[in-house]
Amino acid sequence: MFFRILAYLKESSDLVFWASALFGTTLFFLRLCASLIGGVAEELGDADPGDLDGDHEHHSATGSFKLFTIHSMAGFFMMFGWVGLACIKQLGYGHQISIVIAFIAGLIVMILTGIIFKSATLLISHGTLFDIKKTVGLVGTVYHRIPKDGQGKIQLVIDGVTREILAQSLDHCDIDSFKLVKVIKFLDHEVVIVKEINS
(Lines give C-alpha, C1' and ligand atoms only; values in the text may rest on other atoms or scores of the structure.)
Protein backbone atom coordinates (compact mmCIF):
# COMPACT_ATOMS: atom_id res chain seq x y z
CA MET A 1 0.00 0.00 0.00
CA PHE A 2 2.80 2.38 0.91
CA PHE A 3 4.61 1.77 -2.35
CA ARG A 4 1.38 2.25 -4.28
CA ILE A 5 0.96 5.66 -2.64
CA LEU A 6 4.54 6.59 -3.51
CA ALA A 7 4.04 5.47 -7.09
CA TYR A 8 0.80 7.48 -7.30
CA LEU A 9 2.48 10.58 -5.92
CA LYS A 10 5.34 10.15 -8.36
CA GLU A 11 2.99 9.81 -11.31
CA SER A 12 0.84 12.72 -10.09
CA SER A 13 3.81 15.06 -9.68
CA ASP A 14 5.00 14.17 -13.17
CA LEU A 15 1.57 15.03 -14.54
CA VAL A 16 1.52 18.29 -12.57
CA PHE A 17 4.93 19.28 -13.96
CA TRP A 18 3.93 18.36 -17.51
CA ALA A 19 0.61 20.18 -17.26
CA SER A 20 2.25 23.25 -15.75
CA ALA A 21 5.02 23.32 -18.37
CA LEU A 22 2.66 22.93 -21.32
CA PHE A 23 0.09 25.36 -19.93
CA GLY A 24 2.69 28.02 -19.11
CA THR A 25 4.52 27.64 -22.42
CA THR A 26 1.28 27.81 -24.43
CA LEU A 27 0.08 30.86 -22.52
CA PHE A 28 3.47 32.53 -22.93
CA PHE A 29 3.51 32.12 -26.71
CA LEU A 30 -0.13 33.17 -27.02
CA ARG A 31 0.67 36.37 -25.14
CA LEU A 32 3.77 36.87 -27.31
CA CYS A 33 1.73 36.46 -30.51
CA ALA A 34 -0.94 38.80 -29.18
CA SER A 35 1.71 41.42 -28.41
CA LEU A 36 3.22 41.11 -31.89
CA ILE A 37 -0.19 41.31 -33.57
CA GLY A 38 -1.10 44.28 -31.41
CA GLY A 39 2.13 46.03 -32.36
CA VAL A 40 1.50 45.44 -36.08
CA ALA A 41 -2.07 46.69 -35.74
CA GLU A 42 -0.83 49.84 -34.03
CA GLU A 43 1.72 50.42 -36.80
CA LEU A 44 -0.97 49.97 -39.48
CA GLY A 45 -3.25 52.38 -37.68
CA ASP A 46 -5.91 49.80 -36.83
CA ALA A 47 -5.70 50.58 -33.11
CA ASP A 48 -7.31 53.67 -31.67
CA PRO A 49 -4.53 56.09 -30.67
CA GLY A 50 -6.69 57.55 -27.97
CA ASP A 51 -7.29 54.16 -26.39
CA LEU A 52 -3.62 53.27 -26.59
CA ASP A 53 -2.55 56.54 -25.08
CA GLY A 54 -5.08 56.24 -22.32
CA ASP A 55 -3.93 52.75 -21.45
CA HIS A 56 -0.29 53.79 -21.41
CA GLU A 57 -1.05 56.83 -19.33
CA HIS A 58 -2.93 54.71 -16.84
CA HIS A 59 -0.01 52.32 -16.39
CA SER A 60 2.60 55.03 -16.37
CA ALA A 61 0.64 57.10 -13.89
CA THR A 62 0.46 54.26 -11.42
CA GLY A 63 3.92 52.85 -12.12
CA SER A 64 3.12 50.20 -9.51
CA PHE A 65 4.78 46.82 -9.23
CA LYS A 66 2.28 44.12 -10.20
CA LEU A 67 3.33 40.58 -9.34
CA PHE A 68 0.24 38.67 -10.47
CA THR A 69 -0.17 39.39 -14.17
CA ILE A 70 -0.82 37.10 -17.11
CA HIS A 71 2.81 37.40 -18.20
CA SER A 72 4.21 36.64 -14.76
CA MET A 73 1.84 33.72 -14.16
CA ALA A 74 2.72 32.26 -17.55
CA GLY A 75 6.39 32.55 -16.65
CA PHE A 76 5.79 30.92 -13.27
CA PHE A 77 3.92 27.89 -14.64
CA MET A 78 6.34 27.47 -17.54
CA MET A 79 9.43 27.59 -15.33
CA PHE A 80 7.82 25.53 -12.54
CA GLY A 81 6.97 22.76 -14.98
CA TRP A 82 10.19 22.58 -16.96
CA VAL A 83 12.48 22.94 -13.94
CA GLY A 84 10.49 20.30 -12.07
CA LEU A 85 10.78 17.89 -14.98
CA ALA A 86 14.48 18.60 -15.32
CA CYS A 87 15.05 17.91 -11.63
CA ILE A 88 13.24 14.57 -11.82
CA LYS A 89 14.18 13.32 -15.28
CA GLN A 90 17.69 14.72 -15.71
CA LEU A 91 19.08 15.27 -12.21
CA GLY A 92 17.33 12.39 -10.50
CA TYR A 93 16.08 14.44 -7.54
CA GLY A 94 13.21 13.30 -5.37
CA HIS A 95 9.74 14.68 -6.00
CA GLN A 96 9.57 16.77 -2.87
CA ILE A 97 12.88 18.55 -3.47
CA SER A 98 11.98 18.90 -7.16
CA ILE A 99 8.73 20.65 -6.24
CA VAL A 100 10.58 23.02 -3.90
CA ILE A 101 13.23 23.86 -6.51
CA ALA A 102 10.63 24.27 -9.24
CA PHE A 103 8.50 26.54 -7.05
CA ILE A 104 11.49 28.74 -6.20
CA ALA A 105 12.49 28.93 -9.88
CA GLY A 106 8.93 29.84 -10.89
CA LEU A 107 8.70 32.47 -8.17
CA ILE A 108 12.00 34.05 -9.26
CA VAL A 109 10.77 34.23 -12.87
CA MET A 110 7.47 35.74 -11.70
CA ILE A 111 9.26 38.47 -9.74
CA LEU A 112 11.69 39.18 -12.58
CA THR A 113 8.79 39.41 -15.03
CA GLY A 114 7.03 41.90 -12.79
CA ILE A 115 10.20 44.00 -12.54
CA ILE A 116 10.75 43.89 -16.31
CA PHE A 117 7.20 44.98 -17.12
CA LYS A 118 7.33 47.73 -14.53
CA SER A 119 10.53 49.00 -16.14
CA ALA A 120 8.92 48.71 -19.57
CA THR A 121 5.94 50.73 -18.34
CA LEU A 122 8.23 53.48 -17.11
CA LEU A 123 10.10 53.36 -20.41
CA ILE A 124 6.84 53.71 -22.33
CA SER A 125 5.71 56.63 -20.22
CA HIS A 126 8.97 58.50 -20.75
CA GLY A 127 10.05 57.22 -24.13
CA THR A 128 6.96 56.60 -26.26
CA LEU A 129 4.39 59.12 -25.13
CA PHE A 130 5.03 62.83 -25.22
CA ASP A 131 3.16 66.10 -25.39
CA ILE A 132 3.33 67.55 -28.90
CA LYS A 133 3.18 71.02 -27.32
CA LYS A 134 6.71 70.49 -26.01
CA THR A 135 8.05 70.61 -29.56
CA VAL A 136 7.13 74.28 -30.11
CA GLY A 137 10.26 76.43 -30.14
CA LEU A 138 12.67 73.50 -30.38
CA VAL A 139 15.34 73.27 -33.06
CA GLY A 140 15.81 70.03 -34.94
CA THR A 141 17.25 68.47 -38.08
CA VAL A 142 15.35 67.45 -41.20
CA TYR A 143 15.51 63.66 -41.43
CA HIS A 144 13.36 63.16 -44.54
CA ARG A 145 13.17 66.03 -47.04
CA ILE A 146 10.12 68.24 -46.54
CA PRO A 147 8.40 69.05 -49.86
CA LYS A 148 6.72 72.40 -50.25
CA ASP A 149 3.22 70.95 -50.31
CA GLY A 150 3.77 67.76 -48.37
CA GLN A 151 5.22 66.25 -45.25
CA GLY A 152 8.67 65.13 -44.26
CA LYS A 153 10.28 64.08 -41.03
CA ILE A 154 12.45 65.90 -38.54
CA GLN A 155 14.46 64.74 -35.56
CA LEU A 156 14.02 66.47 -32.23
CA VAL A 157 15.38 65.81 -28.77
CA ILE A 158 12.47 65.89 -26.31
CA ASP A 159 13.03 65.07 -22.64
CA GLY A 160 16.39 63.57 -23.52
CA VAL A 161 14.91 61.26 -26.19
CA THR A 162 15.53 61.69 -29.94
CA ARG A 163 12.24 61.46 -31.84
CA GLU A 164 11.19 61.44 -35.47
CA ILE A 165 8.17 63.68 -36.06
CA LEU A 166 6.16 64.46 -39.17
CA ALA A 167 6.63 68.04 -40.29
CA GLN A 168 5.34 70.56 -42.84
CA SER A 169 6.99 73.73 -44.07
CA LEU A 170 5.57 77.01 -42.77
CA ASP A 171 6.59 78.94 -45.89
CA HIS A 172 5.47 76.18 -48.29
CA CYS A 173 8.98 75.75 -49.61
CA ASP A 174 11.19 72.70 -49.97
CA ILE A 175 13.50 71.96 -47.04
CA ASP A 176 16.29 69.53 -47.80
CA SER A 177 17.52 66.81 -45.49
CA PHE A 178 20.02 67.72 -42.76
CA LYS A 179 18.83 71.33 -42.68
CA LEU A 180 18.19 72.95 -39.29
CA VAL A 181 14.58 73.89 -38.62
CA LYS A 182 12.63 75.42 -35.78
CA VAL A 183 9.20 74.23 -34.75
CA ILE A 184 6.76 77.13 -35.00
CA LYS A 185 3.53 75.35 -34.04
CA PHE A 186 1.85 71.97 -34.13
CA LEU A 187 -0.85 70.99 -36.61
CA ASP A 188 -2.23 68.03 -34.66
CA HIS A 189 -0.99 65.39 -32.23
CA GLU A 190 1.62 64.08 -34.67
CA VAL A 191 2.45 66.83 -37.21
CA VAL A 192 4.37 70.06 -36.58
CA ILE A 193 4.94 73.18 -38.67
CA VAL A 194 8.59 74.18 -39.08
CA LYS A 195 10.65 76.99 -40.53
CA GLU A 196 14.16 76.59 -41.88
CA ILE A 197 16.91 78.28 -39.96
CA ASN A 198 19.18 80.10 -42.37
CA SER A 199 22.86 79.88 -41.51
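Residues numbered from 1 in each chain as written. Predicted model: local features only at pLDDT ≥ 70, side-chain atom pairs only at ≥ 80, totals over all residues. Heavy atoms only, no water.

Trainee: Tell me about the overall build of the chain, and please be specific about residues and values.
Mentor: Helices and strands together make up the secondary structure of the chain, namely 4 helices and 5 strands. In the chain, the succession of α and β elements from N to C terminus is α-α-α-α-β-β-β-β-β. Considering the chain as a whole, with its 199 residues, one finds that 26% of them fall into the buried category. In the chain, the share of contacts with a sequence separation of at least 24, taken over all contacts with a separation of at least 6, comes to 61%. Summing over all exposed atoms, the chain offers an accessible surface of approximately 12,900 Å²; the carbon and sulfur share of this is 65%. (Helix = DSSP H or I, 4+ residues; strand = E, 2+ residues; numbered from the N terminus. Buried < 20%, exposed > 50% of the residue type's maximum accessible area, 1.4 Å probe, protein only. Contact = heavy atoms within 4.5 Å. Areas by Shrake-Rupley, 256 points an atom, 1.4 Å probe, with all protein chains shown as cover.)

Trainee: Tell me about the pattern of salt bridges, residues and numbers included.
Mentor: Taken as a whole, this structure holds 5 salt bridges when the rule is applied. Residue Lys134 pairs with Asp159 through a salt bridge whose shortest N-O separation is 3.0 Å. In this pair, Lys134 is assigned in the loop between helix H4 (95–127) and strand S1 (139–144) and Asp159 in the loop between strand S2 (152–158) and strand S3 (161–169), connecting sequence segments 25 residues apart. On the accessibility criterion, Lys134 (43% relative accessible area) is partly exposed. A salt bridge links Asp171 to Lys195, with the shortest nitrogen-to-oxygen separation between them at 2.9 Å. Placement of Asp171 in the loop between S3 and strand S4 (180–186) and of Lys195 in strand S5 (residues 191–196) is noted, with a sequence separation of 24 residues between them. Take Asp171: its relative accessible area is 42%, and that puts it in the partly exposed class. Taking the relative accessible area as the measure of exposure, Lys195 reaches 35% and is therefore partly exposed. (Salt bridge = Lys/Arg side-chain N within 4 Å of Asp/Glu carboxyl O.)

Trainee: So what about the pairing of S3? Which residues, and what values?
Mentor: Bridge count for S2 against S3 is 7 bridges, and the pairing is antiparallel. Paired with Leu156 across the strands is Arg163, a residue of S3. Joining the antiparallel neighbours S2 and S3 is a turn of 2 residues, in which Asp159 adopts a positive phi near 55 degrees. The sheet contact formed by S3 and S5 spans 4 bridges and is parallel. (Pairing = 2+ DSSP bridges.)

Trainee: If you had to explain the nonpolar core to someone new, which residues and values would you point to?
Mentor: Formed by 13 residues in total, the largest nonpolar core has its most connected members in Ile146, Ile154, Ile165, Val192 and Val194. Elements with a contribution of two residues or more to this core: S2, S3, S4 and S5. When near neighbours in sequence (up to four residues on either side) are disregarded, Val194 contacts Ile146, Ile154, Ala167, Gln168, Ser169, Leu170, Ile175, Val181, Lys182, Val183 and Ile184. One finds Phe17, Ala21, Phe76 and Ala102 within the second-largest nonpolar core, a separate group that totals 11 residues. (Core = buried A, V, L, I, M, F, W, Y, C linked by side-chain atoms within 4.5 Å.)

Trainee: Any details on the pairing of S5? Residues and values, ideally.
Mentor: The pairing of S4 with S5 spans 5 bridges and is antiparallel. Note on S5: the bridge partner recorded for Lys182 is Lys195. Between S4 and S5, which pair antiparallel in sequence order, lie 4 residues.

Trainee: Before we move on, could you go through helix H3 (residues 70–90) and cite the residues and values that matter?
Mentor: If you check H3, its first and last C-alpha atoms are 29 Å apart, about what 21 residues at 1.5 Å a residue would give, namely 30 Å. Within H3 the residues assigned to the buried category are Ser72, Ala74, Gly75, Phe76, Met78, Phe80, Gly81, Val83, Gly84, Leu85, Cys87 and Ile88. Backbone geometry just after H3 places Gly92 at a positive phi near 75 degrees. (Expected span 1.5 Å × (residues − 1).)

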